[in-house]
Amino acid sequence: RMRNLQGIKFTVEASYFEIYNEKVRDLLRRPESPNSKDSVDLKVRQHPDTGPYVEGLTTHLVTDLASIFFLMQRGSEERTTA
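Please read these numbers as outputs of a predicted model, since none were measured by experiment.

1. Points about the overall build of the protein
Okay, so step 1: Regarding its fold elements, the protein presents 1 helix and 8 strands.
Okay, so step 2: Order of helices (α) and strands (β) in the protein, N terminus to C terminus: β-β-β-β-β-β-β-β-α.
Okay, so step 3: Within the protein, the proportion of its 82 residues that are buried is 21%.
Okay, so step 4: For the protein, the share of sequence-separated contacts (at least 6 apart) that also reach a separation of at least 24 residues comes to 50%.

Here it is, written out as structure tokens:
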């Protein structure tokens, strides 16, 4: 959501990914089916002006601290554990 703080407008978005066994996985992407933990193997790319980025990584609008904590918890639950 857009906020106006002393004439400054900003939007905050969050993403969460892991790199495990040389595979990049979006931890906030919803699975295609409810019983699936399948994920898309994302690619790290290089933009000439802005630098490295993860192609296809989802972004989520955050409006307060609670929404950030929610996304962090959801992403942590999706992390790969050995």
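Anyway, onward from the coordinates.
2. Here's the deal with the environment of phenylalanine 17
Okay, so step 1: Relative to the helices and strands, phenylalanine 17 resides in strand 4 (residues 17–20).
Okay, so step 2: The exposure class of phenylalanine 17 is partly exposed, given its relative accessible area of 37%.
Okay, so step 3: Expressed as a C-alpha distance, the spacing of phenylalanine 17 and leucine 42, which sit 25 residues apart in the sequence, is 9.5 Å.
Okay, so step 4: When sequence neighbours within four positions are dropped, the list of residues in contact with phenylalanine 17 reads Val24, Arg25, Asp26, Leu27, Val54 and Leu57.

3. Looking at unusual backbone geometry
Okay, so step 1: The backbone of asparagine 21 sits at a positive phi, close to 50 degrees, despite the residue not being glycine.
Okay, so step 2: Its place among the elements puts asparagine 21 in the loop between strand 4 and strand 5 (23–26).
Okay, so step 3: Residue asparagine 21 is classed as exposed on the basis of its relative accessible area of 61%.
Okay, so step 4: Even without being a glycine, glutamate 22 presents a positive backbone phi close to 65 degrees.

4. Brief notes about the side chain of threonine 58
Okay, so step 1: For threonine 58, the location among the structural elements is in the loop between strand 7 (51–55) and strand 8 (60–61).
Okay, so step 2: Of note is the side chain of threonine 58, whose polar atom sits 2.8 Å from the side chain of aspartate 26.
Okay, so step 3: A polar atom in the side chain of threonine 58 sits 3.1 Å from the side chain of histidine 60.
Okay, so step 4: Aside from chain neighbours lying at most four places away, what touches threonine 58 is Ala14, Ser15, Asp26, Leu28 and Arg29.

The rules behind these values
- Residues numbered from 1 in each chain as written.
- Predicted model: local features only at pLDDT ≥ 70, side-chain atom pairs only at ≥ 80, totals over all residues.
- Heavy atoms only, no water.
- Helix = DSSP H or I, 4+ residues; strand = E, 2+ residues; numbered from the N terminus.
- Buried < 20%, exposed > 50% of the residue type's maximum accessible area, 1.4 Å probe, protein only.
- Contact = heavy atoms within 4.5 Å.
- Polar contact = N/O pair within 3.5 Å; in protein donor to acceptor, adjacent residues only side chain to side chain.

Keep in mind that these numbers describe shape and distance, not what the molecule does.
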